Number of protein chains: 2
Amino acid sequence: MSEAADTGGLWPDVQPEAARRLLLAAVDSFARLGYHATTTREIARTAGMSPAALYIHYPSKGALLFEISRTGHEDTLALVRRAAAAEQDPVARVRTLVADFTAWHARTHTVARIVQYELHALPQPQFEVVAELRRRIEETVREVIADGVAQGVFTVPEVRTAARALISLGVDVARWYNERSSTAPEELGRQYAELVLAMLGATRGGPQP
Amino acid sequence: MSEAADTGGLWPDVQPEAARRLLLAAVDSFARLGYHATTTREIARTAGMSPAALYIHYPSKGALLFEISRTGHEDTLALVRRAAAAEQDPVARVRTLVADFTAWHARTHTVARIVQYELHALPQPQFEVVAELRRRIEETVREVIADGVAQGVFTVPEVRTAARALISLGVDVARWYNERSSTAPEELGRQYAELVLAMLGATRGGPQP
């Protein structure tokens, strides 16, 4: 697979192994050819399986896209909620949240691109499921920022726009990041965390992790 | 056309009119179907022309993608350079640059998405032309930030990462912005300019435009 490096750790729990292999093959095919131009035949071929074997696990390429998008969004929602719950101090919260969110989008950039850019290829009911996960991610980020504003730690002109900008910064990493990027995902996460804290008007150089 | 609203002002100088109509039809088709799944036949149909008439103006759909990408990048490079040249004060420079760059990506989001997401579909020589424009955009932004750092007006951990983040914020607007967004492109530009100035460690609430 062309960019297998960043998908190795994905779907560790998906069983049977053939289903996991199909998800990885779908990511590889969508990344190479684009979602619209990808056939289930191509995905099966990439997974080293017959088209008939694919249909045992997934009824369509749309079902594979949905599974990739749903799990990708569930992962990032979990990560954002974990950061919000683990820390009390708004600065420490944002630092952990942005560092983890950014590093995820760098490390998992191939999957993240598919998840973001093929969103509108999802059939309406599946789109709604993913849209709801996205609303929860945004909501959690807004709450974290609003809480910091309420505590007098952050100063932002508009919580909604600041939340958008925070998420945007992390998501867009998936667009430009690749294996040749000179900054490691974790280091990029740390740098972005400091930039976002400054953006939120937090005093720079607060307590380091 | 489905999202004609944000393409109306594009390519005002392209002559003859048929060539301009083909560019608009290509944007519409790529946005609806994805680049890979779009045929020249579909582009011609959308423009109300025959496939043979298309080939008079563009030899391939790749040539249309290149024209869209090249002009999109030339527009944003011009805008970034204009902002850098128009202002002396680093804060005023960044304010104008981010406001214009962000508003462009909101207003022209359909074109911006194609320009960004289908970059790797370009044949190598054409890709190189666009990559060079991108390097110049990044370079200009880096210079503007570095100049502010040198003048003691900005404080950033890493000029390169800060430039990436500034560009990223603007570019990603194209991904999520649509006709139903409640914030107008110019207002979003103003809000983003203030967020970026804070991100660069500039004193918030410096002289307003």
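Residue numbering note: each chain is counted from 1, following its sequence as written. To label them, take the chains in the order written and letter them from A, then take the ligands in the order written and number them from 1. Residue-level local features of this predicted model are given only where pLDDT is at least 70; pairs of side-chain atoms are given and counted only at 80 or more, and the full residue set underlies all totals for whole chains, interfaces and linings.

1. Observations regarding the overall build of chain A
- A run of H or I in DSSP becomes a helix once it reaches four residues, and a run of E becomes a strand once it reaches two; helices and strands are each numbered from the N terminus. Across its full length, chain A carries nine helices and zero strands.
- Reading chain A from its N terminus to its C terminus gives the helix and strand order α-α-α-α-α-α-α-α-α.
- Over its C-alpha atoms chain A spans a radius of gyration of 18 Å, differing by no more than 12% from the 17 Å that the globule rule assigns to 209 residues.
- In terms of its C-alpha atoms, chain A occupies a principal-axis envelope of roughly 60 × 35 × 25 Å.
- Per-residue burial over chain A gives 45% buried out of 209 residues.
- Restricting the contact set of chain A to residue pairs at least 6 apart, pairs at least 24 apart contribute 70%. What the globule rule says is 2.2 Å times the number of residues to the power 0.38, and the radius of gyration is computed from C-alpha atoms. Every C-beta atom is placed from the backbone, and the number of other C-beta atoms within 10 Å of a residue's own sets its class: buried at 20 or more, exposed at 12 or fewer, partly exposed in between. We call two residues in contact when the distance between their C-beta atoms, placed using the backbone, is within 7 Å.

2. Overview of the nonpolar core
- One finds V196(A), L200(A), V196(B) and L200(B) to be the most contacted residues of the largest nonpolar core, which totals 114 residues.
- Dropping the residues within four chain positions of it, L200(A) is found in contact with V94(A), I145(A), G148(A), F154(A), V156(A) and A162(A). The nonpolar core criterion groups buried Ala, Val, Leu, Ile, Met, Phe, Trp, Tyr and Cys residues into a set whenever they are joined through C-beta atoms within 7 Å.

3. So, the confidence of the model for chain A
Residue and element names in this part refer to chain A.
- Confidence of the prediction at every residue is given by pLDDT, a number between 0 and 100. On average, chain A scores 90 in pLDDT, and the residues at 70 or more come to 92%.
- When pLDDT is averaged over each element of chain A, helix 5 (residues 90-107) comes out on top at 97 and helix 6 (residues 109-117) at the bottom at 91.
- Every residue in residues 1-5 is under pLDDT 50, and counting partners more than four places away or in other chains gives seven contacts.
- Below pLDDT 50 for its whole length, residues 204-209 participates in six contacts with residues either more than four positions away or in separate chains.

4. Let's talk about the interface of chain B and chain A
- Contacts between chain B and chain A engage 26 residues on the former and 26 residues on the latter.
- Per element, the largest residue contribution to the side of chain B that touches chain A is eight residues, and it comes from helix 8 (residues 159-176) of chain B.
- The class makeup of the residues in the side of chain B that touches chain A is 13 nonpolar, eight polar and five charged. Amino acid classes used here: Ala, Val, Leu, Ile, Met, Phe, Trp, Tyr, Cys and Pro are nonpolar; Asp, Glu, Lys and Arg are charged; the rest, including Gly, are polar.

5. Regarding the relation of the copies chain B and chain A
- Superposition of the copies used a least-squares fit over C-alpha atoms from residues whose pLDDT is at least 70 in both. With an RMSD of 0.0 Å, chain B superimposes on chain A once it is rotated by 180° and translated 0.0 Å along the axis. Both copies of the chain, as the preceding transformation shows, are related through a two-fold rotation axis. For chain B, the smallest separation between a C-alpha atom and the rotation axis is recorded for M199(B), amounting to 1.9 Å.

6. Looking at helix 9 (residues 185-199) of chain A
Residues and elements named next belong to chain A.
- One less than the residue count of a helix, multiplied by 1.5 Å, gives the span that helix is expected to have. Taking 1.5 Å of rise per residue, the 15 residues of helix 9 would be expected to cover 21 Å, and the 20 Å separating its terminal C-alpha atoms lies within 8% of that figure.
- With 13 of its 15 residues buried, helix 9 lies for the most part within the structure.
- G201 sits one or two residues past helix 9 and shows a positive phi near 80°.

7. A word on the domain arrangement of chain A
Residues and elements named next belong to chain A.
- Residue ranges labeled as domains rest on an automatic or database domain assignment. Its domain assignment divides chain A into domain 1 (11-59) and domain 2 (62-199).
- If you average the C-alpha positions of domain 1 and of domain 2, the two centres end up 26 Å apart.
- Of the residues lining the interface, eleven residues belong to domain 1; the matching set on domain 2 comes to twelve residues.
- Broken down by element, the side of domain 1 that touches domain 2 gets its largest block of residues, six residues, from helix 1 (residues 17-33).
- Of the residues belonging to the side of domain 1 that touches domain 2, the class tally is eleven nonpolar, no polar and no charged.

8. With respect to the environment of L10(A)
Residue and element names in this part refer to chain A.
- Relative to the assigned elements, L10 resides in the segment before helix 1.
- The class of L10 is partly exposed, set by 18 C-beta atoms lying within 10 Å.
- Separated by 34 residues in sequence, L10 and A44 place their C-alpha atoms 18 Å apart.

9. Concerning helix 9 (residues 185-199) of chain B
- Taken across its 15 residues, helix 9 of chain B has twelve buried, putting it largely inside the fold.
- Of all the positions in helix 9 of chain B, only P185(B), L188(B), G189(B), Q191(B), Y192(B), A193(B), E194(B), L195(B), V196(B), L197(B), A198(B) and M199(B) are classed as buried.
- In this fold, the buried residues of helix 9 of chain B make contact with helix 8 (159-176) and helix 9 of chain A together with helix 5 (90-107) and helix 8 of chain B.

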